[in-house]
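What the coordinates show
Here is what each chain is made of, one letter per residue.
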Amino acid sequence: MAAGVAAWLPFARAAAIGWMPVANLPMPVAPAGKNKRQDEMIILNVSGRRFETWRNTLDRYPDTLLGSSEKEFFYNEETKEYFFDRDPDVFRSVLNFYRTGKLHYPRYECISSYDEELAFFGIISEIIGDCCYEEYKDRKRENAERLMDDQEDNKDAKPPNMTCRETMWRAFENPHTSTMALVFYYVTGFFIAVSVITNVVETVPCGTSPNQKEVPCGERYTVAFFCMDTACVMIFTVEYLMRLFAAPSRYRFMRSVMSIIDVVAILPYYIGLVMTDNEDVSGAFVTLRVFRVFRIFKFSRHSQGLRILGYTLKSCASELGFLLFSLTMAIIIFATVMFYAEKGSSSSKFTSIPASFWYTIVTMTTLGYGDMVPKTIAGKIFGSICSLSGVLVIALPVPVIVSNFSRIYHQNQRADKRRAQKMQKARLARIRISKQGTSNAFLHSKRNGLFSEAPEFTSSTEEDQRLNKSTSLLESQHHHLLHCLEKTTVTSPLNYINHEFVDQQYYQQSYLEAGLQNYPSRSPSLSSRDGVSGTCCTRRSKKQHAPLQNASGPAHMQPLTQVHAHPRGLQELSTIHIQPLSTSRSSLNMRVDEPASLNCQSSQITTAIISIPTPPVTTSDGDAHLRAGPAHQNVVKVSAL
Amino acid sequence: MCTPNKRTQWMEDLRDFRRGRGFSKKVLFNCCLVRRVITWASPKPEDSVEDELELSTVRHRPEGLEQLEARTRFSRKELQILYRGFKNECPSGIVNEETFKDIYAQFFPQGESSTYAHFLFNAFDTDHNGSLSFEDFVMGLSILLRGTIQEKLNWAFNLYDINKDGYITKEEMLDIMKAIYDMMGKCTYPILKEDTPRQHVEVFFQKMDKNKDGVVTIDEFIDCCQNDENIMRSMHLFENVL
C-alpha cells in the first residue's frame, strides 16, 4: 500500500459500513488497535543531524529497517532517540521515501554509497521512482562496466582450474593472455599475409620464355608456389581444427562468420586436390581459386577496426538497401530515357536498354569513362540531368552510414538497448511480484486462520502474539476490510456460497475447467447448489477426499486447501485432466461417488497456466498450522507499493 | 485533433475549391490530409492554456479547526491526523472523482472498485459539486464513525438511493450490488455467476420490503435493520477505527 493511501485506510473501513445492511452473515471481528501510540514523534539522529517524524510515517513500510522493530537496536536510552552512524545527506532521500512514498536518487550522490545506504536501511532499489530510475540504472551500469574493465586489466593470472580446452579458447580469443597465444597470433597473421601475397604474385608476368608469350610467375615456378600454398593451407587447417576443438559451443562456432571465412579460404585447395586435371572442370577450378582471396578477411580477427566496419555495414543495412533501391530505380528510368533519346542517332552505342545501364551507372557515380557518350541533343540533356541526380542520390545515404560508424565506434548501443529492455522487463516483473505479495499476504493470513470467524471468539494472548508477529496493524486492518467484503457477498446463509478471494492460479484452473465443461451438451446447469455447497462445506470442514484417480499431480490434486500451494506445485498442476463427462465444477475436488467416470476417455489437456511465482510464503499443507511463515513474510513482502 | 467545426470548415472549403477550379477530388483530399496533419502537429489553441491555469489555481483551504470541531464529533487531535493524511494524498485540498477512484482501488487490488467508488463519492459529496473537500470528507466520516445508529443507517440508505429520491428501487439496488461484487474481482472461489447479484438483491428485498410495493423507503429500511441482529452488531464494528 502506498504511503499516502495508508492514511486513507480509516476512510475505507468507515465506508465499509455501506456493505453492512446488504450482508447476510455476521462480520468478522476487527483487529484490536494496539496501544495508541500513533501520534508519537520519533527523533532520528543521523551522525548528529536530527530528523523528526511521526511514528506511523515510518510504520508504513514494515519490512524496512526503520519500519520494523529492527530500529530498536539503535535506540539510545539516555537521549531517547534513535542514533544511526550513517551519511545524513543520503538519509534525507531515505526519509523522504517514507514521507512521500517515492524514492528519489540525487544526482550528485555517488552510486555505490547510495546503494550501500539503501541496503543498510533495507530498501530495494526497484522502488526508485520513474523520474530517477533511468539515471540510477545508467550510473550503476557505467560503474559496473568501469569496475569490470579495471578487473580485466589486472587479470593476468588465469584461474587455476581451467581445462585445456578452456585455456585454448581463451588463448585464441585474447592473444595477450599468454606468450604462446601471442606467438600463435603473429604466426597466423604472417601466414595470412604470405598467402595473400603469393596469390597476388602468382599472376604477375615474370619474364618471358624465348619462344612463348609472357607467362605469369605461377606457371613458371609452379612447384614453389604449390609448396607455399600447401604450407599456408596446412597452417590454416590446423588453426581451424584447433579452434573447432576449443570452442565452447561447436555448433555456434561453426555458424559464426569468422569460421565460415576460414572454411571458404581453405576449401578451394582441397577441392583442387580432389579434382583431376580434366578439361571440363579446370575452368571451374580456376574460378574456385578466386575464393582464395577470402583469406584476407581472416585479418579481421587481428584488427578491431575491420570488425567495426563490418558491423557498421551490417547495422546500416537499411540505409544501404535504400541506396541500392533508389539507385536501381534511377538507373532504370534514365537508361530507358537515354535509349529512346539516342535511338534516332546512327552508330549509337545505346543498342538496348540494358546496354544503357552501363552508361547510366558510370554517369551517376560521376565516373564518366567516356566509352559511351550521347550524341543527340536530347540525349545530352538527359545525360546531364542523369549525372546531377546521380550525385544527389548517392550523397544522401552516405552521411548516415558515416555517422553510424562513428556512433558504433564509440558506444555499443544496440547491445545496451537490448540489455536495458531486458532489465526493464525484469524490473516490471519484480514490481509485479511484490504487488502480488500484498494480495497473497492476505490469502496467506487467511489460510493461517488468523481471522476469527465468530464475534464471540476472544483472542487469546497467543493469538495476539501471532498477530503481532506476522502482520502490522495496518495490514491486519486491511485484511479485515477484505474479509468483510468476502462476508458481504453471500447470497443467503442457507447456501453458504461464500465467495472468497483466491489467487490467480487457482482461479485459472477452475475457470478453465468450468469453461471446458460447456463443450458437452449434457453439462448440467451450473446452478446446482448441492455440488457447490458440498464443496464449500467440505472446504469449511477441511475434509480430505480421496485423490482423483487420474490426477497427474500427486497430493496436490487433493483438498482445495492444498491447491493454493507450493511453488513447485504450480508446474505440476498445469496438466490436469479435464473430463467431459463430469457433472459439476466440484469434480475437481473429487466427488467420492464417481471415481469410475473419470476414466481415460477424458482428453488430457495441458492447461497453459501462467505460473506466477508465488512468494515462498504460501503453505504447502492444507492444515492451517502456522509455520515460520511470518519470518519469511517480512523478507519477501514489499508493502511499499 | 479535429473538432467538428473545423471538419465542416474543411468540407466547405473543399466544395468551393472544387467548384471554382475543377480539380480532382484526390488532389484536394491530399491537401486536406496535409492540413489535417498540420493541425494535429501544431499545438492546441488557446483554451488549453486557460484550462491549465484553472487547475493550478484551484486550491481549497478548509474551515478552521474550531468550526470543524464543532460540526463534527472528532477531537482536535483526530482532525489533525485526518487532515494530515488527506493533505498528503491531495495537496490541492480537494479530491476529484478520478483521484478518489484511484485511492479506493488501492485497497482492492483484485477487483474493479471504480463503480462502487463512484457511488461512494456521490454519497460523500453532499453538496454535489463534483469534488470532495475536507469538510465533506470529515462530515461523512463523523457520521460513519461517531454517529448514532439512526444516522449511520440514514447514510447507508443515502448511499443506496442513487438518484436521491427517497426510494430504493430494485434497479438501484442491483447497481449497488453489482458494484460490490465487482470489487471481489474475478479470482474468487466459487466463481461469481452472472445472476448472483440479482439473487442477492432478491433476498435483500424480501427482507426489507415489508409492504411488497417494489421499493424500499427509509422507514422500512431503518425498521428492518434495527430488527436484524447481525446488522446491528456490524454497525458497531468500526467504531474504534480512528
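Residues numbered from 1 in each chain as written. Chains lettered and ligands numbered in written order. Predicted model: local features only at pLDDT ≥ 70, side-chain atom pairs only at ≥ 80, totals over all residues. Heavy atoms only, no water.

Under an unreviewed UniProt entry, the name given to chain B is Kv channel-interacting protein 4, and the organism recorded is Gasterosteus aculeatus aculeatus. UniProt, in the comment section headed Sequence similarities (unreviewed entry), describes chain B in these words: "Belongs to the recoverin family." (UniProt positions renumbered as here; feature names shortened; annotations may be inferred.)

Chain A is annotated in an unreviewed UniProt entry as A-type voltage-gated potassium channel KCND1 from Gasterosteus aculeatus aculeatus. The record held by UniProt for chain A lists under Sequence similarities (unreviewed entry) the comment "Belongs to the potassium channel family. D (Shal) (TC 1.A.1.2) subfamily. Kv4.1/KCND1 sub-subfamily." Quoted verbatim from the Subunit (unreviewed entry) heading of the UniProt record, the comment on chain A is "Component of heteromultimeric potassium channels. Identified in potassium channel complexes containing KCND1, KCND2, KCND3, KCNIP1, KCNIP2, KCNIP3, KCNIP4, DPP6 and DPP10."

Another aspect to go through is the sheet that holds strand β1 (residues 41–46) of chain A. Residues and elements named next belong to chain A. If you trace the four strands from one edge of the open sheet to the other, you get β2-β1-β4-β3, paired in mixed fashion. Unpaired on one side and paired on the other, β2 (49–54) and β3 (75–76) mark the two borders of the sheet. Sheet topology note: the β1/β2 ladder contains six bridges and is antiparallel. Paired with Met41 across the two strands is Trp54, which belongs to β2. (Pairing = 2+ DSSP bridges. Helix = DSSP H or I, 4+ residues; strand = E, 2+ residues; numbered from the N terminus.)

UniProt feature "domain: EF-hand" (unreviewed entry): in the numbering of this structure it lies at residues 112–147, 148–183 and 196–231 of chain B. Within residues 112–147 of chain B, the helical portion is 67% and the strand portion 8%, while the C-alpha atoms at the span's ends are 29 Å from each other.

This part is about unusual backbone geometry. Trans peptide bonds make up most of the peptide bonds, and negative phi angles are found at most residues other than glycine. In this structure, A:Lys80 is a non-glycine residue whose phi angle is positive, near 55°. By the element assignment, A:Lys80 lies in the loop between β3 and β4 (81–84).

A cluster of nonpolar side chains, namely A:Phe226, A:Leu267, A:Tyr270, A:Ile271, A:Leu273 and A:Val274, defines an oily patch on the protein surface of about 550 Å² accessible area. When residues of the nonpolar patch are assigned to their parent elements, the largest contribution, five residues, is made by helix α12 (residues 257–274) of chain A. (Patch = residues over 30% accessible without salt bridge, like charges linked within 9 Å, V, L, I, M, F, W, Y side chains within 5 Å. Areas by Shrake-Rupley, 256 points an atom, 1.4 Å probe, with all protein chains shown as cover. Salt bridge = Lys/Arg side-chain N within 4 Å of Asp/Glu carboxyl O.)

The subject of this paragraph is the confidence of the model for chain A. Where the model shows low pLDDT, its predicted coordinates should not be examined in detail. All names here are of chain A. For chain A, per-residue confidence averages 71 on the pLDDT scale, and 62% of positions sit at 70 or higher. Per-residue pLDDT, averaged within each element of chain A, yields its smallest value for helix α24 (residues 560–563) (36) and its largest for helix α16 (residues 353–364) (93). Taken as a whole, residues 451–470 scores under 50 in pLDDT and shows 25 contacts with residues more than four places along the chain or in a different chain. (pLDDT = per-residue confidence, 0-100. Contact = heavy atoms within 4.5 Å.)

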